[in-house]
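Below are the chains, spelled out letter by letter.
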Amino acid sequence: MTDATAVLDAATKTKHKVKKSSMFKGRDRTVFTLMVVVPTTLHVLLVWVPTIASIFLSFTDWNGIRFSEMGLVGFENYWQIFTVFEKDFFQALLNNAMLLVFLFVGPTVFGMGLAYLLDKNIRGSRVYQSAFYTPVVLSLAVVGFMWQSVIYSTENGLATEIFGGGEAVDWIGNQEFIFSFAINGGEYGLSKNFLAILVAIAWRHTGYIMVLYLAGLKSVDNSLREAASLDGANEWQAFRRVIFPTLKPINVVIAVITVIEALRAFDIIFVLNKPRKTEVLSILTTNNLLGEGGGNVGRGSAYAAILFLLCLGFVIWYVTNHYKGSQEGAES
Amino acid sequence: MTVVDDAPTMNADEASASFEQNKQPIRPARVLLYIFLTVTALVWLVPIIGAIYASFRPFSETVSEGYFSVPNTLTLDNYKNAWEQGDILKKYWNTFLILVPALTLTLFFSSMVAFAASRYSWKFNISLLVLFTAGNLLPQQIIIQPLFQMYNRVPLPEFLSNSGRLNGSTWGLILIHVAFQSGFCTFVLSNYMKLLPKSLNEAARVDGAGVWTLYWQIIMPLTRPALAALATLEFTWIYNDFFWAVVLEQQGADRPITSSLANLGGEFFTDDNLIAAASMYVAAPTLIVYFALQKHFIAGLTLGADKG
């Protein structure tokens, strides 16, 4: 059975079998094939082929110039990352991890709280929502510039005026660690300039979370809340035991968004990463293409492959979760 | 609801009849809630309002008086200078040339795949959706090395690309936007189309309508709310793209507006208020679209989240 007849067969599959051959005529078959093949080819060619190629290239010493100069070097690039460039690498990994944790305990919790409060029949709720949501439509690069010029300006930024006590504060230049630990002679930790970037990211991320939770809360049945309050549950108990569990689908989406955002973070760090210590993995990958290490395709790809490995688990988990049961379900 | 809220007397039945009325005894908490929300919302707007305010003042005045000061001078000079020095009009045009085809093609392509995979059940329809959904979740930096090398090796005639290659051309950026964004759009549109009545396929077949007619004249019009929501969202995302253009369009003059920010802070932009004005140029289109099409915007985000 060819694919086209499989399509036809499935398309007409009802309780009583319909005659197959008359449904998908020659033209329909061509149209259907084109509708699937053209977009899929583009997507596979520019997204999946490069993904696989990244993994392959991470095992080579290619300089990006001639294919004939490419040699297989096994795990050499990874070995170098873990031994020669380990200070950059582990700090970047730690920054990604701190960003992830921060996004969960900061914007996610706060955004959820705002959504919960705004769901309480607030007059002018739309106005408040707009205020929190406006930063979300800005690109993180613009956010970086806005915060750099207005909030974090060394001499006369708003943050300097409020917290500086009359002194100039180098918010995005200060690489001092707030806390740190030493492993193998390297010192790793949360630098002051990375925290400044985290705060700017949180400003943008909170509204995103708020909107998603607001949508979720709208779908919570009011009788659930009433039942909880009749049972004498206080607000916190009602939220934790009754409302939060019903938000599970939204929680899953937010978990995925947050993990992916934390691994993808690039723009604002690229813009503000002037004196270093704020690198994340995406920056290291790209530095091997643009910056100091330009032309080192092998090592850049090894960073990319590590990034891929880190997000692979979440991608598989989410996709299987979402399409579980679709095979039988989709029947029309 | 507000009428009932203000009514001073009510019996026990009424009081428990609605959650809202139960809130009656803790009125002060309600006031606190409004105060909290108002203060937080105002704090939230500080960076944007601060940028707007600063952009209208000469930098020298901000330096001498500080941010919290009554303005002596309000001027459009920063906007004028940023416009000229940043070549903003050209950058808007660069963005336009990428955004319009990329947005149209993304919605067109992903609606076709979503249609084929959600309206018909065949051997690979779920696998196809898995492919697009997973593709949408990958960080862009994973694919950038090979993509850059690939783009470098695709020749384009001179009149299509200044660089003579796909790398550094508008076409390259359009293609990667379409390829990458169609992941998310296919995911959202297939979720939406799946919920349209199955009988539509049957009815079209009985009427002798072909696949294309079913797609273009029946399913697409019914998918309009999702398409409007996605168009709004994708406008912002493609407009806001920084990464693709920074790597694949390395000639500063040809960059779209958002990524031309990467050139800021250098030789041209010497003061913070000028940067604030330049940021406002970049931010303005997305802010306008957001306030004009707020409903669609929020719908787009929650459509993606609905079917978790």
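The structure displayed is predicted, hence computed values, not measured ones.

1. Focus: the overall build of chain A
For chain A, the count of helices and strands is 15 helices and two strands. Accessible surface, chain A: about 14900 Å² in total, of which carbon and sulfur atoms supply 63%.

2. Regarding the overall build of chain B
The number of helices and strands found in chain B is 16 helices and zero strands. Relative to its 308 residues, chain B shows a buried fraction of 55%. Restricting the contact set of chain B to residue pairs at least 6 apart, pairs at least 24 apart contribute 66%.

3. A few points about unusual backbone geometry
Backbone phi values are negative for most residues with the exception of glycine, while trans is the configuration of most peptide bonds. Non-glycine residue Asn121 of chain A carries a positive phi angle of around 50 degrees. Mapped onto the secondary structure, Asn121 of chain A falls in the loop between helix 4 (86-118) and helix 5 (125-133). Residue Asn121 of chain A is classed as partly exposed on the basis of its relative accessible area of 45%. Positive phi, close to 50 degrees, is recorded for Asp87 of chain B, a residue that is not glycine.

4. What about the packing of helix 11 (residues 248-264) of chain A against helix 14 (residues 297-323) of chain A?
Residue and element names in this part refer to chain A. Between helix 11 and helix 14, whose axes approach to 11 Å, the crossing angle comes to 160 degrees. What the angle tells us is that helix 11 and helix 14 run roughly antiparallel. You can see that helix 11 and helix 14 cross each other, and the crossing is left-handed. Only Leu307, Leu310, Cys311, Phe314, Trp317, Tyr318 and Asn321 of helix 14 make contact with helix 11, whose side of the interface consists of Val252, Val253, Val256, Val259, Ile260 and Leu263.

5. A few points about the pattern of salt bridges
In this structure the tally under the stated criterion is eight salt bridges over all chains. Of the charged contacts, one joins Asp119 of chain A and Lys218 of chain A as a salt bridge, the two residues approaching to 3.9 Å between their closest N and O atoms. Of this pair, Asp119 of chain A sits in the loop between helix 4 and helix 5 while Lys218 of chain A sits in helix 8 (residues 192-218); the two residues are 99 residues apart in sequence, bridging distant segments of the chain. The partner of Glu61 of chain B in a salt bridge is Arg57 of chain B, and the shortest N-O contact between them spans 2.8 Å. There is no split in this pair, since Glu61 of chain B and Arg57 of chain B are both buried. It is possible to trace a salt-bridge network through shared partners that takes in Asp119, Lys218 and Arg225 of chain A.

6. Some remarks on the packing of aromatic side chains
In the structure shown here, the tally under the stated rule is 44 aromatic pairs over all chains. An angle of 70 degrees between the planes, with centres 5.1 Å apart, marks the rings of Phe82 of chain A and Phe89 of chain A as edge-to-face. These aromatic residues form a ring-pair network of at least three members: Phe32 of chain A together with Phe108, Phe109, Phe115, Tyr120, Trp122, Trp212, Tyr215 and Trp216 of chain B.

7. Quick look at a nonpolar patch on the surface
Residue and element names in this part refer to chain A. Nonpolar side chains collect at one region of the surface, where Ile178, Phe179, Phe181, Ile183, Leu195 and Val199 lie side by side and expose about 490 Å² of accessible area between them. Elements with a minimum of two residues in the nonpolar patch: strand 1 (177-183) and helix 8. Here the nonpolar patch takes four residues from strand 1, the largest share from any one element. Looking at the secondary structure, you find Ile183 in strand 1.

8. With respect to the confidence of the model for chain A
Caution applies to low-pLDDT regions: their predicted coordinates should not be interpreted in detail. Summarising the model, chain A shows a mean pLDDT of 85, and 89% of its residues fall at 70 or more. Across chain A, the element-wise mean pLDDT spans from 48 in helix 1 (residues 3-11) of chain A up to 95 in helix 2 (residues 26-57) of chain A.

9. Some points on the environment of Phe184 of chain B
If you trace the backbone, Phe184 of chain B turns up in helix 10 (residues 170-194). Accessibility expressed as a relative area gives 11% for Phe184 of chain B, which makes it buried.

10. Brief notes about the pairing of strand 2 (residues 186-191) of chain A
Two faces, one strand: in a regular strand the side chains alternate between the faces of the sheet. Residues and elements named next belong to chain A. Within strand 2, five of the six residues are buried, which leaves it mostly tucked inside the rest of the structure. Two elements, strand 1 and strand 2, share six bridges in a ladder whose sense is antiparallel. Counted as the bridge partner of Ile183 is Gly186 from strand 2. Here strand 1 folds back onto strand 2 in antiparallel fashion, the turn holding two residues, of which Asn184 has a positive phi close to 50 degrees.

11. Observations regarding the packing of helix 14 of chain A against helix 8 (residues 125-137) of chain B
Two elements in contact, helix 14 of chain A and helix 8 of chain B, have axes whose closest approach is 10 Å; the angle formed by their N-to-C orientations is 140 degrees. Considering how the two elements wind past one another, helix 14 of chain A and helix 8 of chain B form a crossing that is right-handed. The residues of helix 8 of chain B that touch helix 14 of chain A, namely those facing Val315, Tyr318, Val319 and Tyr323 of chain A, are Ile126, Leu129, Val130, Thr133, Ala134 and Leu137 of chain B. In the contact of helix 14 of chain A with helix 8 of chain B, the residues fall into nine nonpolar, one polar and no charged.

12. With respect to helix 15 (residues 272-292) of chain B
With 21 residues, helix 15 of chain B should cover 30 Å at 1.5 Å per step; its first-to-last C-alpha distance of 29 Å lies within 8% of that length. At Ala283 of chain B, helix 15 of chain B is deflected by roughly 40 degrees, the largest bend along its length, and proline Pro285 of chain B occurs up to four residues later in sequence.

13. Here we look at the environment of Ser191 of chain A
All names here are of chain A. Residue placement: Ser191 occurs in strand 2. Considering only alpha carbons, one finds Ser191 and Phe177, 14 residues apart in sequence, at a separation of 4.1 Å. Residues contacting Ser191, with those up to four places away along its chain left out, are Gln175, Glu176, Phe177, Ile178, Lys277 and Thr278. In terms of polar contacts, Ser191 uses its side chain to reach the side chain of Asn193, at 2.6 Å. Looking at Ser191, its side chain comes within polar contact range of the main-chain oxygen of Lys277, at 3.4 Å.

14. What about the interface of chain B and chain A?
Of the residues lining the interface, 115 residues belong to chain B; the matching set on chain A comes to 112 residues. Looking only at chain B, the three residues that lose the most surface to chain A are Trp44, Leu137 and Gln145 of chain B, adding up to 8% of its buried area. Summed over the shared surface of chain B and chain A, the number is zero salt bridges. Among the elements that take part in the side of chain B that touches chain A, helix 4 (residues 27-55) of chain B stands out by supplying 15 residues, more than any other. Here the residues of the side of chain B that touches chain A are counted per class, giving 72 nonpolar, 33 polar and 10 charged.

What counts and how
Residues numbered from 1 in each chain as written. Chains lettered and ligands numbered in written order. Predicted model: local features only at pLDDT ≥ 70, side-chain atom pairs only at ≥ 80, totals over all residues. Heavy atoms only, no water. Helix = DSSP H or I, 4+ residues; strand = E, 2+ residues; numbered from the N terminus. Areas by Shrake-Rupley, 256 points an atom, 1.4 Å probe, with all protein chains shown as cover. Buried < 20%, exposed > 50% of the residue type's maximum accessible area, 1.4 Å probe, protein only. Contact = heavy atoms within 4.5 Å. Axes fitted to C-alpha atoms, helices over the stretch in contact; angles between N-to-C directions. Parallel < 35°, antiparallel > 145°, perpendicular 65-115°, else oblique. Left-handed = near helix turned anticlockwise from the far one by under 90°. Salt bridge = Lys/Arg side-chain N within 4 Å of Asp/Glu carboxyl O. Phe/Tyr/Trp six-rings, centres within 6.5 Å; stacked < 30°, edge-to-face > 60°. Patch = residues over 30% accessible without salt bridge, like charges linked within 9 Å, V, L, I, M, F, W, Y side chains within 5 Å. pLDDT = per-residue confidence, 0-100. Pairing = 2+ DSSP bridges. Nonpolar A, V, L, I, M, F, W, Y, C, P; charged D, E, K, R; others polar. Expected span 1.5 Å × (residues − 1). Bend = angle between axes of the 7 residues up to and from the residue. Polar contact = N/O pair within 3.5 Å; in protein donor to acceptor, adjacent residues only side chain to side chain. Buried area = accessible area lost by both parts, 1.4 Å probe.

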